[in-house]
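Coordinate analysis (summary)
Listed below, chain by chain, are the residues.
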Amino acid sequence: MVKISPEETLQRRMSDAEEAPRESTGKNGETEVKEEEGSNPNYKEVENPQEELKDDTLAWRESQEEERKKGEEEGEEEEEEDGEEDKEIVMEETEAKAGEAQEEEASGIQKETTVEPQEMKKSMTSLETRITDSQSITSGIFPTTQRGSESKPSLQSEDSEADELEFLDLDQISPEEQQMSSPERQPSGELENTNQRPQDELGRERRDLEPEKREEGQERSVSSIQSIAGISRESLVSTTTEDILFQKDKSAPVYPLTLTWSFGWNSSLPVYYIREEKQRVLLYVCAHTAIIYNIFRNHQYHLQGHANIISCICISEDRRWIATADKGPDCLVIIWDSFTGIPVHTIFDSCPKGNGIRAMAMAHDAKYLATISDAEVQKVCIWKWTLAVETPACTLELPKEYGFQNYLTFNPTNNKELVSNSKTQAIYYAWYEERDTLAHSAPLLTEKTFNKLVGKFSQSIFHLNLTQILSATMEGKLVVWDIHRPLSSASTFLGFPYIKPCKLVHLQKESVTVLTTIDSYIVTGDIKGNIKFYDHTLSIVNWYSHLQLSAVRTLSFSKTPATPPTEKSNYPPNCTLKGDLFVVRNFIIGTSDATVYHLTTDGTKLEKLFVEPKDAICAISCHPYQPLIAIGSICGMIKVWNYEKKRYLFSRVFEKGLGVQSLTYNPEGALLGAGFTEGTVYILDAMSLENESPEPFRYSRTSVTHISFSHDSQYMATADISFIVAVYKVVVRNGRRVWEYLARLRSHRKSIRSLLFGVYLDSNEPRLLSLGTDRLLIEYDLLRSYKDHLEVLDIHRTDQGCYPTCMVWYPPLTRELFLLICNSGYKVKLFNATTKMCRKTLMGPAYGSPIEQAQVLAVRSMAELPKHYLVFINRDKVGLQILPVDGNPHKTTAIVCHPNGVAGMALSYDGRYAFTAGGHDRSVVQWKINLSVLEAAVSLGGEDLTPFYGLLSGGREGKFYRELEDYFYYSQLRSQGIDTMETRKVSEHICLSELPFVMRAIGFYPSEEKPNIYPTSPGDWLA
């Protein structure tokens, strides 16, 4: 009896499929096999193919195990006989197959068979189990197909329609369907081949595809597996709706610091009206982040990706695509999907010299993006961003005499025409894509052109008639340019189009700051806050002059057309003789005082959406036990927000000339101290911002940079840029507690970096310390100070070469009380709070610039009491540091918060949030702190000294480390005596007196004063 293993049976089936096609080959190398036509007599008997196949599969597996056991018991002689008999059986089956193929050719029916490549055999074998297991799923998803009734043209049409039927692939057809397709080819006695036979037939069918089609088939097989597993291949950008952007994100935090809210906005850039149907959504810029703000839900979505301040922004006509560009090193242009917030394309090399983008516009069909660089020689580029290209389709360098072009827009009906303007020059562009040419026309316009004063240009647009260009000026006039387009000819080229000034229209007295079009109107906004609508003949139709707005910076109309007037409508009449109703879309108004309004035209309802500081923000402070934050601006405004509910509470605007420079709540949270740019100090009620004292204190002539309260709120100290420290004290007069001036002293020679109150260890009396860039740490004696005399207790020098940058009380992690001082050399030093002796010097966070401010994070719960964290800011970043400080670089993290510089920092009372003020970017950013993420990152860095080895050149196995080891042991020889005969003692420490010699041996030469500030343990030494 001949034993045949399942593997040998599969090889025979494959050899049959390989040998049979060689007998009959078509024109294109395709094998054609004739089949009998008609109904399948065995088809009716298979009522439930899935159950039958399941039983057959089980039987085949049982027989397979029995054959394997018997095969192991037989000897080598039987194996040789089996090999000879196998060859004979293969030859007999090959001849039988060839005979069947000849009979099928005679019947006149053609069936396509394929011989699978070796790679395809392996992939189909591996997919067999998955397809079998998922047969119940696929049979419910895909329609049952009888392969026996398919013809050659039907298979070709399936390939031609692969784009439409991408998920319908041969691999997705269940084994039952393949079995039912040609049951006449399965011998009745070969039940053990039930699983291989449909697979072999499937392989023969796939062989007919052309070589390039096979690769597509393999790709579609992956998609079939994805569809079986329920994975969609469609992009989120193509399938999403507008509401997905503001769905709650329940995912776990992945960053130690996460941006949750941005206060303020860049009023020099436009604000766009994105959606209005069910929710009012705006788009604006805050520092280096674009914000999509849902007003009704009070929710922000942040488009983060720029490392520099965003310099310009534009949006497509359908409000779907957003383009943002920045200005600075490694500048970017990013195109976003406003429905999902996903960046769909990024242009990295838009300005190789890193100058950034000054103006940008998107075509109305959103196919093209035009940019103008911010270099000395400006360059105009047009990008086919939908093709994901890295180079512009065409470029044009502009002469310097054209001035800096700062405004750009496309022709709304022709995406090959653009117009831009500087303050003195308007330029018309015509793009010939087939020639890679960007022609331009820039006629010089002077006062002699119209014999009148024209003024400086503000914005330019295409006229509604599309044959003219309009340029608004700061003199309230409108320059009309005629576009002369040459007649197009198929055989000859008659020249480029050009523009020519034809008319100067004096619209109004006020400067025109905004010029745009909507529907059939030309719209202007001026410096007095007036908004006017004109028709195509520049005849005024309607205007809004009673709104009492400041200068209009931007106008953005809703993409939803205005509702037709009804009996309940309250549209105003226009100013024409007919007096028809003036029907126009709702729109957003952005003004120069950083205020955003929404105007509902039906009824002329003006809503103030938000008012933000219009000048630099340098002062922020958090309430000590409530979720409140006070924000102060140089424009004289103080605003108080509830940062948990993201709700504005109250504000106060001081008289002109008073700019808020510093803010601090007292420990009880009842008072708010405010220092101003011209030296005035106010003590305000924390809940109403009214004056707590009858008159403000005016004992300083320069800007007050620091304000601090003592722990019992009995003292308040201030420091200004004149290096003067002033102290104020609470006294009781007529039964009332009032604040009065105590004394001041110019104690430093350079700027004061920190001003701290503390408490003496042996009493509850407050103590006051100041730290300056003159490297002096000064403590004042408040008890011995009196009117106009501030007593100094002691003075200590903190550094030799570097200068200190900030100071904070170190948390009680040890019995010894420390002051933590950071310096400009990226070092962190711990000073004894009583003796002012430096106890330890360690490597601090190094993120491009030294630490400028630092605060210890409040403990959230008793469980976190042993753990403490430090929040710090440097020039442009905010970061976290796990305490105690030991120099481990894995214990710190930082993220860019304000590219142009951080002006201040504050922490919430519960330690959940950090706030950073951006200074001149007019923004405050709220960061959520996720400590668990930072702890997880630390565990990946290693334990003991492992994290520190990476700080050395070459690591632990490097040459420098080996050299340090030699110096370490040699210093022990020196300390124990070179000529001693006693037994040497190897230690893990070296004498402090030997440390200067080790430093000099490696090339660092400290002064005689520095050795006493260096640590003695090797772990701290490496750090």
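Residues numbered from 1 in each chain as written. Predicted model: local features only at pLDDT ≥ 70, side-chain atom pairs only at ≥ 80, totals over all residues. Heavy atoms only, no water.

**With respect to the overall build of the chain**
- Secondary structure summary: the chain contains 16 helices and 57 strands in total.
- Within the chain, buried positions represent 51% of all 1023 residues.
- For the chain, contacts bridging at least 24 residues in sequence account for 52% of all contacts bridging at least 6.
- A total accessible area of about 50000 Å² is found for the chain, and carbon and sulfur atoms account for 50% of it. (Helix = DSSP H or I, 4+ residues; strand = E, 2+ residues; numbered from the N terminus. Buried < 20%, exposed > 50% of the residue type's maximum accessible area, 1.4 Å probe, protein only. Contact = heavy atoms within 4.5 Å. Areas by Shrake-Rupley, 256 points an atom, 1.4 Å probe, with all protein chains shown as cover.)

**Notes on the state of the cysteines**
- One pass over the structure, following the stated rule, counts zero disulfides.
- No disulfide involves C314; its sulfur sits 7.3 Å from that of C312, the nearest cysteine.
- When its relative accessible area of 4% is taken as the criterion, C314 is described as buried. (Disulfide = S-S within 2.5 Å.)

**Brief notes about the pairing of strand β30 (residues 595–600)**
- The buried fraction of β30 is high, at six of six residues.
- Connecting strand β29 (residues 587–591) to the next strand, β30, in antiparallel fashion are three residues, including A594 with a positive phi near 60 degrees.
- Across six bridges, the pairing between β30 and strand β31 (residues 605–611) is antiparallel. Note on β31: the bridge partner recorded for L599 is L606.
- Hairpin connection of β30 to β31: four residues between the antiparallel strands, including G603 at a positive phi of 100 degrees. (Pairing = 2+ DSSP bridges.)

**Describing helix α14 (residues 959–976)**
- In a regular helix each residue adds 1.5 Å, so 18 residues correspond to 26 Å; α14 covers 26 Å between its end C-alpha atoms and thus fits that length.
- Every buried residue belonging to α14 is among Y961, L964, F968, S971 and Q972, and all of these are buried. End-on view of α14: buried residues confined to an arc of 100 degrees, all on one side of the axis. Facing away from the buried side of α14, by more than 90 degrees, are the exposed residues K959 and D966.
- Backbone geometry just after α14 places G977 at a positive phi near 100 degrees. (Expected span 1.5 Å × (residues − 1). Arc of directions from axis to C-beta.)

**Digging into the environment of F263**
- Checked against the element boundaries, F263 lands in strand β3 (residues 257–263).
- On a C-alpha basis, the gap between F263 and I631 in space is 9.2 Å, while along the polypeptide they are 368 residues apart.
- Excluding residues within four positions of it along the chain, F263 makes contact with C286, E612, I631, W641, Y643, F915, R922, S923, V924 and Q926.

**Focus on the side chain of N530**
- Along the chain, the position of N530 falls in the loop between β25 (521–526) and β26 (531–534).
- If we ignore the near neighbours within four places in the chain, the residues touching N530 are E510, T524, G525, Y544, S545 and V552.

**Some thoughts on the pattern of salt bridges**
- Considering all chains together, one arrives at 25 salt bridges under this definition.
- For the salt bridge of E612 with K639, the shortest nitrogen-to-oxygen distance reads 3.8 Å. Separated by 27 residues along the polypeptide, E612 in the loop between β31 and β32 (617–622) and K639 in strand β34 (residues 637–642) bring together distant segments of the chain. Neither residue differs from the other here; E612 and K639 are each classed as buried.
- When the shortest N-O distance is used, the salt bridge between R839 and E816 registers 3.1 Å. Of this pair, R839 sits in strand β50 (residues 838–843) while E816 sits in the loop between β47 (804–809) and β48 (818–823); the two residues are 23 residues apart in sequence, bridging distant segments of the chain. (Salt bridge = Lys/Arg side-chain N within 4 Å of Asp/Glu carboxyl O.)

**A closer look at the pairing of strand β33 (residues 628–633)**
- Of all the six residues making up β33, six are buried; the element is thus mostly covered by neighbouring parts of the structure.
- Across five bridges, the pairing between β32 and β33 is antiparallel. Within β33, the position partnered with I617 by the bridge is S633.
- Two successive antiparallel strands, β32 and β33, enclose a turn made up of five residues.
- Sheet analysis places β33 next to β34, joined by five bridges and oriented antiparallel. Along β34, the bridge assignment pairs G632 with I638.
- Here β33 folds back onto β34, and the loop between the two strands holds three residues, one of which, G636, carries a positive phi near 95 degrees.

**Regarding the sheet that holds β32**
- Pairing within the open sheet is antiparallel, and its four strands lie in the order β32-β33-β34-β35. The two strands at the open ends of the sheet, each matched to only one other strand, are β32 and β35 (647–653). Shown here is a sheet whose adjacent strand axes are inclined to one another by a mean of 20 degrees, direction ignored. (Axes fitted to C-alpha atoms, helices over the stretch in contact; angles between N-to-C directions.)

**Some words on the side chain of T473**
- By the element assignment, T473 lies in strand β21 (residues 468–473).
- There is a polar contact of 3.0 Å between the side chain of T473 and the backbone oxygen of V454.
- Excluding residues that lie within four positions of it along the chain, T473 makes contacts with V454, G455, K456, F457, S458, V479, S511 and V512. (Polar contact = N/O pair within 3.5 Å; in protein donor to acceptor, adjacent residues only side chain to side chain.)

**Comments concerning the sheet that holds strand β5 (residues 281–286)**
- Spatial strand order, β4-β5-β6-β7: four strands in an open sheet with antiparallel pairing. If you trace the sheet from one side to the other, it starts and ends with β4 (272–275) and β7 (299–303), each paired once. Put simply, the sheet's adjacent strands are angled 30 degrees from each other on average, direction ignored.
- Bridging between β4 and β5 involves three bridges; their strand directions are antiparallel. Bridge assignment links R275 to a residue of β5, and that residue is V281.

**Re the packing of aromatic side chains**
- Counting across every chain of the model gives 35 aromatic pairs.
- Considering the side-chain rings of F533 and Y544, the 6.1 Å spacing of their centres and the 75 degrees angle between planes classify their relative orientation as edge-to-face. Highlighted residues: F533 in strand β26 and Y544 in strand β27 (residues 540–544), separated in sequence by eleven residues. The pair formed by F533 and Y544 is uniform in burial state, with each residue classed as buried.
- Here the guanidinium or amino end of R435 rests over the ring plane of Y432, the centre of that ring lying 5.3 Å away.
- The residue whose ring lies beneath K639 is Y648, and the NZ or CZ to ring-centre distance is 4.7 Å. (Phe/Tyr/Trp six-rings, centres within 6.5 Å; stacked < 30°, edge-to-face > 60°. Lys NZ or Arg CZ within 6 Å of the ring centre and 35° of its normal.)

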